[in-house]
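Overview (structure and organization)
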Amino acid sequence: MTFKAEYLWIDGTEPTAKLRSKTKILAAGAEPPVWGFDGSSTNQAEGHSSDLVLQPVFSCPDPIRGGGNILVLCEVLHTDLTPHPSNTRALLRPVAEKYAEHGSLFGIEQEYTFFEGSRPLGFPENGFPAPQGGYYCGVGADEIFGREIVEKHLDNCLAAGLGISGINAEVMPGQWEFQVGPLSPLEVADHMWVARWLLYRTAEDFGVSATLDAKPAKGDWNGAGAHTNFSTRAMREGYDPIITACEALGDGDKPLLHVKNYGTGIESRLTGLHETAPWNEYSYGVSDRGASVRIPWQVEVDRKGYIEDRRPNANCDPYVVTRLIVDTCCTALEKAGQV
Ligand code: ADP
Ligand code: MN
Ligand code: MN
Ligand code: MN
């Protein structure tokens, strides 16, 4: 007896990496082994020395194929087993470990947009749909486009055992969101990459594509973000650490460092309009959806909880975003003795 292992990895496409996958047949009971691929076809190597290594790091049931088949998320390594430059997970590992005692948790809100041909799903062939207002969390065929795909994706994520925690229709027609977490830094990012692959794969069967483009429709339409909710144990137990984290994210060169690594085309999305703060001005506030970082109202009432970094783009790399947030905030929390 055999089963199918779908190996997933992140490629070297610039400026935004893409997911790739291929199938390996394994004997019943086998652990997914190290494998390889042609890096010259994924912008990760030159043709004359093209072999790269796939190192399995996370596997789960494959809800597309079902049965005993699995998905296998991999890190990309050189043949000497050192991490390839496109392997951002390798950079997160030591940072997550260094600050492990903080008990960091992340919940990421992944927004995305369905496209059919060259138009967002639900956009008419000529002109534009009715302006934003009724679509967010809407109901009815005049407002909702692609729900059957979204429901299927949710079921697939659950069947895969991913830590998906909710879905909602977004502000623009054809735009949706799913949330992953709260989970540890490596887990939330691993689950997010697999959930993204399942999104593309699920929509494929409906003849629809999904994009994480940060500004998929020009004009007076919301962009697509990946609000990143963050807490440490100290933040979940008290309010001073909440403020320490908010201040740390605004300190010195940190705002620019973060924004520059929060996804391609961030200036086109963080304009100061459409529930965003300008990309080059850091701010934080309670309940403030026009701030870079929001403290949810309930967190202020409870005097403990988590913060929401609203800046990451939908097309961000969760390995990079979680690494920067843990590094910046946990360094400051340690200095303040708030571990
Ligand atoms: P919004 O009101 O911004 O749309 P959502 O409900 O979409 O909020 O997302 C909130 C996210 O915050 C969820 O992914 C949830 O898992 C996450 N979250 C809740 N509590 C915590 C916490 N203590 N630490 C980190 N993330 C958290
Ligand atoms: Mn949300
Ligand atoms: Mn949203
Ligand atoms: Mn949010």
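Presented here is an overview of the structure given in this document. Note on numbering: residues in each chain are counted from 1, in written sequence order. By the order in which they are written, chains take letters starting at A while ligands take numbers starting at 1. Only residues with pLDDT of at least 70 are given local features in this predicted model, and only at 80 or more are side-chain atom pairs given and counted; all residues enter the totals for whole chains, interfaces and linings. Excluding hydrogens and water, the side-chain figures rest on all heavy atoms present in the structure.

What follows deals with helix H3 (residues 185-204). Here H3 is 20 residues long and its end C-alpha atoms lie 29 Å apart, about the 28 Å a rise of 1.5 Å per residue gives. Here the term buried applies to any residue with accessible area under 20% of the maximum for its type, exposed to any over 50%, and partly exposed to those in between, with areas from a 1.4 Å probe on protein chains only. The helix count covers DSSP runs of H or I at least four residues long, the strand count covers runs of E at least two residues long, and both are numbered beginning at the N terminus. Most of H3 sits out of view: 15 of its 20 residues are buried. Between the first and last residue of a helix there are one fewer steps than residues, each counted as 1.5 Å, and that sum is the expected span.

Throughout, the protein atoms alone are placed on a 1 Å grid, and a set of points is a cavity if a 1.4 Å probe fits but cannot get out or a pocket if it is open with protein on both sides within 12 Å along at least five of seven lines; lining residues have an atom within 4 Å of a point. Grid points are joined across faces, edges and corners, and a volume is the space filled by probe spheres set on the points. A full pass over the atoms with the stated rule returns two cavities of 30 Å³ or more. Reported here for the largest cavity is a volume of approximately 80 Å³. In terms of lining residues, the largest cavity is bounded by Ile-10, Gln-44, Cys-74, Glu-75, Val-76, Ser-86, Asn-87, Thr-88, Arg-89 and Tyr-319. Broken down by class, the residue content of the lining of the largest cavity amounts to four nonpolar, four polar and two charged. Looking at the second largest cavity, its volume works out to about 30 Å³. Three classes are used, and their members are as follows: Ala, Val, Leu, Ile, Met, Phe, Trp, Tyr, Cys and Pro are nonpolar, Asp, Glu, Lys and Arg are charged, and the others, Gly among them, are polar.

For this purpose, a residue is taken to be near a molecule or strand whenever a single non-hydrogen atom of the residue falls within 4 Å of it. Surveying the vicinity of ligand 1 reveals 16 residues, the closest of which are Glu-177, Pro-182, Ser-231, Arg-294 and Glu-308. Polar contacts here mean pairs of N or O atoms no more than 3.5 Å apart (in protein, one a potential hydrogen donor and the other a potential acceptor; neighbouring residues in sequence count only if both atoms are side-chain atoms). A distance of 2.8 Å separates a nitrogen atom of ligand 1 from a polar atom in the side chain of Ser-231. One nitrogen or oxygen atom from the side chain of Arg-289 is found 3.5 Å from an oxygen atom belonging to ligand 1. When isolated, ligand 1 has an accessible area of 590 Å², and the protein chains bury 75% of it. A pocket or cavity is taken to hold a molecule when more than half of that molecule's atoms are within 2 Å of the pocket's grid points. Comparing atom positions with the cavity grids shows ligand 1 to sit within the second largest pocket. For the shell around ligand 1, the secondary-structure elements that each account for two or more residues are strand S6 (105-116), strand S9 (175-183) and strand S11 (228-231). Considering each element in turn, the shell around ligand 1 owes the most residues, four residues, to S9. When the residues that make up the shell around ligand 1 are grouped by side-chain class, the tally is four nonpolar, six polar and six charged. Per-residue and other accessible areas follow the Shrake-Rupley method at a 1.4 Å probe size, with only the shown protein chains counted as cover for residues.

A word on the sheet that holds strand S5 (residues 70-77). Pairing in this open sheet of five strands is mixed, and the strands run S2-S1-S5-S4-S3 from one edge to the other. Two strands in the sheet have a free side with no partner beyond their single neighbour: strand S2 (19-27) and strand S3 (35-38). Averaged over all adjacent pairs, the angle separating strand axes in this sheet is 40 degrees, with direction ignored. Two strands are said to pair when DSSP picks up at least two bridges between them. Helix axes are fitted to C-alpha atoms over the stretch in contact, other axes to C-alpha atoms as well, and angles between N-to-C directions run from 0 to 180 degrees.

All right, on to the pattern of salt bridges then. Think of a salt bridge as a Lys or Arg side-chain nitrogen and an Asp or Glu carboxyl oxygen that are within 4 Å of each other. Going through the model one piece at a time under the given rule, you end up with ten salt bridges. Of the charged contacts, one joins Asp-190 and Arg-89 as a salt bridge, the two residues approaching to 2.9 Å between their closest N and O atoms. Taken together, the residues Asp-190 in helix H3 and Arg-89 in helix H1 (residues 89-98) connect sequence positions 101 residues apart. Measuring nitrogen to oxygen at the nearest pair gives 3.0 Å for the salt bridge that ties Glu-308 to Arg-310. The exposure class assigned to Glu-308 is buried, which follows from its relative accessible area of 0%. A relative accessible area of 4% means that Arg-310 is categorised as buried.

Here the focus is the side chain of His-84. As for its placement among the helices and strands, His-84 is situated in the loop between S5 and H1. Judged by its relative accessible area of 8%, His-84 falls in the buried class. A polar contact of 2.6 Å, which involves the side chain of His-84, links it to the backbone oxygen of Gln-44.

To continue, consider unusual backbone geometry. Omega for the peptide link from Glu-14 to Pro-15 comes to -5 degrees, which places this bond in the cis form. In this structure, Pro-15 sits in the loop between strand S1 (2-10) and S2. A cis amide bond links Gly-181 to the next residue, Pro-182, at an omega of 0 degrees. Mapped onto the elements, Pro-182 comes out in strand S9. Notably, Leu-81 is not glycine yet its phi reads approximately 70 degrees, a positive angle. Tracing the chain through its elements places Leu-81 in the loop between S5 and H1. Positive phi, close to 60 degrees, is recorded for Ser-287, a residue that is not glycine.

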